[in-house]
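Coordinate inspection notes
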Amino acid sequence: MDLGIKGRRAIVCASSKGLGRACAIALANEGVHVTLTARGAEALKQTADEIRKTHPGVTVTEIVGDITTAAGREAVLKACPEPDILINNAGGPPPGDFRNWTRDDWIKAIDANMLTPIELIKATVDGMMARKFGRIVNITSAAVKAPIEILGLSNGARAGLTGFVAGLSRKTVINNVTINGLLPGPFETDRLRGTAKPEAEKRGISAEQVLAERAKLNPAGRFGHPDEFGYACAFLCGAKAGFITGQNLLLDGGAFPGTL
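Residues numbered from 1 in each chain as written. Predicted model: local features only at pLDDT ≥ 70, side-chain atom pairs only at ≥ 80, totals over all residues. Heavy atoms only, no water.

Going by the annotation in an unreviewed UniProt entry, the name recorded for the chain is 3-oxoacyl-[acyl-carrier protein] reductase, with Bradyrhizobium elkanii given as the source organism. In UniProt, the chain has this text filed under Sequence similarities (unreviewed entry): "Belongs to the short-chain dehydrogenases/reductases (SDR) family." (UniProt positions renumbered as here; feature names shortened; annotations may be inferred.)

Structure representation (structure tokens):
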């Protein structure tokens, strides 16, 4: 399917690795010019160079920085001041027991996973509406639908963003600007491997054993591949997806048992 977004411009946050990287590649596959940002310069350059090699007709701009800071956002928006597509993404806060979290821990989580996406939306959505095209995708978490006890910081911050978008997305769609959430379940990423380490240490087994057990428990019998996530993101960004807004698409291999 031709998604009808060739030549569009996209900002993809936290796009050097994992799900952000997969989204950037999927958009480049559609001929979208991408501005990539991440904190790690080496991994970011590797991803950018890979896209340039595979898609020589696509302009790839890489901005090293922390998107959760004002300076990081300013640098990205300077490089791509009029994006047609915005993929909000940031690393999730660490797991733990809420009894050990301080106010600073909560503020950091909310700043990264709620307020940063809102700031980027605020900076770009009016231009999208004026140009009569915009696609905003927030990468959140399956925990928005089914909270994960040890990820309370993420549960709270990402649910807050979801609630905010629920209202705004109904105001922008009349101008062909959609805002949706992509909710990843277990995907083969560094984040997933990181969450397995505490359990592995507690049980005295390897992280690989923990991950293998978790994969078997999923109805799909496996974890998701980042490419699968990227394809879903590209579709939501497509010209033909203009009637989808304010939705939260769960990609979890069927792990969530509900009907809604």
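Picking up after the structure, the text goes on.
1. Brief notes about the state of the cysteines
One pass over the structure, following the stated rule, counts 0 disulfides. Unpaired in terms of disulfides, Cys 23 finds its nearest cysteine sulfur in Cys 233, a separation of 3.5 Å. (Disulfide = S-S within 2.5 Å.)

2. A short note on the sheet that holds strand S2 (residues 33-38)
Sheet strands line up and pair through hydrogen bonds in the backbone, either parallel or antiparallel. Taken together, 7 strands build an open sheet; the order of strands is S3-S2-S1-S4-S5-S6-S7 and the sheet is parallel. Each edge of the open sheet carries a strand with a single partner, namely strand S3 (60-64) and strand S7 (248-251). For this sheet, the mean inter-axis angle between neighbouring strands, taken without regard to orientation, is 15°. Looking at chain direction, strand S4 (residues 85-88) and strand S5 (residues 134-139) are connected through 4 bridges and run parallel. Looking across to S5, one finds that Asn 88 is bridged to Asn 138. Where helix H1 (residues 18-29) meets the sheet, it contacts strand S1 (9-12), S2, S4, S5 and strand S6 (177-184), and its direction lies at approximately 170° from that of S1. Along the sheet, helix H8 (residues 226-237) contacts S4, S5, S6 and S7; its crossing angle with S6, the most-contacted strand, is approximately 165°. (Pairing = 2+ DSSP bridges. Helix = DSSP H or I, 4+ residues; strand = E, 2+ residues; numbered from the N terminus. Axes fitted to C-alpha atoms, helices over the stretch in contact; angles between N-to-C directions. Contact = heavy atoms within 4.5 Å.)

3. Side note on helix H3 (residues 70-79)
Turning to H3, its buried residues number three or more, namely Gly 72, Arg 73, Val 76 and Leu 77. Viewed along the axis of H3, the buried residues span an arc of 125°, placing them on a single side of the element. Facing away from the buried side of H3, by more than 90 degrees, are the exposed residues Ala 70, Ala 71, Glu 74 and Lys 78. In this structure, the buried residues of H3 make contact with S1, S2, S3 and helix H4 (103-131). (Buried < 20%, exposed > 50% of the residue type's maximum accessible area, 1.4 Å probe, protein only. Arc of directions from axis to C-beta.)

4. Re the pairing of S4
Across the two faces of S4 the burial is the same, with Ile 85 and Ile 87 and Leu 86 and Asn 88 all buried. Across 3 bridges, the pairing between S1 and S4 is parallel. Across the sheet, residue Ile 11 finds its bridge partner in S4, namely Leu 86. Read as a crossover between parallel neighbours, the route from S4 over H4 to S5 is right-handed. (Right-handed = clockwise from strand over helix to strand, strands pointing away.)

5. Here we look at the pattern of salt bridges
Where charged atoms from two side chains of opposite charge approach closely, those side chains can pair. All told, the structure shown has 15 salt bridges when counted by the stated rule. Here Arg 99 makes a salt bridge to Asp 97, at a shortest N to O gap of 3.0 Å. Residue classification places Asp 97 among the partly exposed residues on the basis of a relative accessible area of 29%. Ionic pairing is found between Glu 199 and Arg 214, a salt bridge with its closest N-O pair at 3.1 Å. Of this pair, Glu 199 sits in helix H6 (residues 190-203) while Arg 214 sits in helix H7 (residues 207-217), placing them 15 residues apart in sequence. Taking relative accessible area as the criterion, Arg 214 reaches 26% and is therefore assigned partly exposed. A cluster of three or more residues bridged by salt bridges with shared partners is formed by Arg 8, Arg 9, Asp 84 and Arg 131. (Salt bridge = Lys/Arg side-chain N within 4 Å of Asp/Glu carboxyl O.)

6. Observations regarding the packing of H4 against helix H5 (residues 152-172)
In contact at an axis separation of 8 Å, H4 and H5 are set at 20° when each is read in the N-to-C sense. Regarding the angle of H4 to H5, the classification is roughly parallel. Of the two possible hands of crossing, H4 and H5 adopt the one that is right-handed. Counting all contacts with H4, which are made through Asp 105, Trp 106, Ala 109, Ile 110, Asn 113, Met 114, Pro 117, Ile 118, Ile 121, Val 125 and Met 129, the residues of H5 involved are Gly 152, Leu 153, Ala 157, Arg 158, Gly 160, Leu 161, Phe 164, Val 165, Leu 168, Lys 171 and Thr 172. For the contact of H4 with H5, the class distribution of residues is 15 nonpolar, 4 polar and 3 charged. (Parallel < 35°, antiparallel > 145°, perpendicular 65-115°, else oblique. Left-handed = near helix turned anticlockwise from the far one by under 90°. Nonpolar A, V, L, I, M, F, W, Y, C, P; charged D, E, K, R; others polar.)

7. Considerations on the nonpolar core
One finds Leu 27, Leu 36 and Ile 87 to be the most contacted residues of the largest nonpolar core, which totals 34 residues. Of all elements in the fold, only S1, H1, S2, helix H2 (41-54), S4, S5 and H8 reach the threshold of two or more residues within this core. Looking at this core element by element, the count peaks at 7 residues for H1. Residues contacting Leu 36, with those up to four places away along its chain left out, are Val 12, Ser 15, Ala 24, Leu 44, Thr 47, Ala 48, Ile 51, Val 60, Thr 61, Glu 62 and Ile 63. Ile 67, Ile 136, Val 177 and Ile 179 belong to the second largest nonpolar core, which has 19 residues in total. (Core = buried A, V, L, I, M, F, W, Y, C linked by side-chain atoms within 4.5 Å.)

8. Comments concerning unusual backbone geometry
For residues other than glycine, phi is negative in most cases, and the peptide bonds are mostly trans. Of note, Ala 14 is a non-glycine position whose phi angle comes to about 50°, a positive value. Within the fold, Ala 14 resides in the loop between S1 and H1. Its identity is not glycine, yet Asn 176 carries a phi of approximately 65°, on the positive side. With respect to the helices and strands, the residue Asn 176 is situated in the loop between H5 and S6.

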